[in-house]
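Coordinates in review
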Amino acid sequence: MTAITFKPIYMERIWGGRNLETIYHRELPEPSIPYGEAWEIVDRDDAQSIVSSGAFADASLHELWTNHREEIFGKNLPQTPRFPLLIKILDSSDDLSIQVHPPAHLAGSLHGEPKTEMWYIADAKPGAKLYLGLKPGTTRRKFEQAIHEGSVATLVHSVTPAKGDALLIPSGRLHAIGAGFLIHEIQQNSDTTYRVFDWNRTDSNGKPRDLHIDESLECIDFSDIEPEIPRHSPQPLVSCEHFITNLHHLAPGEAIRNPRDDRFSLIILLSGCLEDRYRPGQSILLPVASNPLVANEPTSLLQILLP
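Residues numbered from 1 in each chain as written. Predicted model: local features only at pLDDT ≥ 70, side-chain atom pairs only at ≥ 80, totals over all residues. Heavy atoms only, no water.

**Comments concerning the pairing of strand 2 (residues 35-41)**
Of all 7 residues in strand 2, 7 are buried; the element is thus mostly enclosed. Bridging between strand 1 (residues 9-17) and strand 2 involves 5 bridges; their strand directions are antiparallel. Bridge pairing in strand 2 links Glu-12 to Tyr-35. (Buried < 20%, exposed > 50% of the residue type's maximum accessible area, 1.4 Å probe, protein only. Helix = DSSP H or I, 4+ residues; strand = E, 2+ residues; numbered from the N terminus. Pairing = 2+ DSSP bridges.)

Below, the structure is given as structure tokens:
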């Protein structure tokens, strides 16, 4: 079986940009629109990946997961009704709101879905910042006061990552992506985000963006103080109960294959070329019985596995 690719779904965002066009040389749907997200692999009611070519051309990811699960994805998989991961590319030309995703033990009561994610920094402008966790001494009471005063930013910890850094964003971690990044995001299949602060911005009518303050306060882990970016290259790069991500560097002629005979994997190509056809920025589903993909030149990629 050959590798499977999907048609990206592009999302306009007020904080988005055009780096998918300039860095990954993609043809975006509309000129001058700020596209903040490309949903590369997704199986949701309101967004569905469609196979771009090959034997399963025009089939949805949901159809593959429902009707060809063992054939494509393998055995001993989560018995979820939908594919359990969501793969995105994020392009931030402006700061995103400060936000949090709900942990599993709270998501249901808040009518949301739990969400843990990871970021791989594909590109970063000099000095660009990520906002992660809280500064020392921040309590829920101080945070609530800062919300009312419009000073939440003074309590949020920030870091300055470099291209090639990777970090886990567990549910409950307060976070925001600053301006100047292109990021590959690997996450649980969830679209629940609670915005707690939007930098006191208003729209053209002078109205602030909708926030989810009560939900955010319930979800924020107030013990999450000054988390840092790992400055080494472990293998796996990131590991949690929802996904495992490895970073591979291939020499010309080397191949990437599924590490398990009974499981698929996902590939995100960071640089180089595979099989004379797959280029940087592409996300690829490598089915359980797929042939290995051979590098045509020095190539770097992420390989994502289910635990």
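Structure's up, so let's keep going.
**A few points about the packing of aromatic side chains**
Inspection of the entire model under this criterion finds 9 aromatic pairs. Ring centres of Trp-65 and Phe-73 lie 5.0 Å apart, and the angle between their planes is 75 degrees; on these two criteria the pair is classed as edge-to-face. Its relative accessible area of 0% is what places Trp-65 among the buried residues. Given a relative accessible area of 0%, Phe-73 falls into the buried group. Where Phe-143 meets Phe-222, the ring centres are 5.7 Å apart and the plane angle is 75 degrees; that geometry is what we call edge-to-face. Placement of the pair is Phe-143 in helix 5 (residues 140-149) and Phe-222 in the loop between helix 6 (213-219) and strand 14 (238-239), with a sequence separation of 79 residues. When its relative accessible area of 0% is taken as the criterion, Phe-143 is described as buried. Residue Phe-222 is classed as buried on the basis of its relative accessible area, which comes to 19%. One aromatic cluster is present, built from ring pairs that chain together Trp-65, Phe-73, Phe-83 and Phe-264. (Phe/Tyr/Trp six-rings, centres within 6.5 Å; stacked < 30°, edge-to-face > 60°.)

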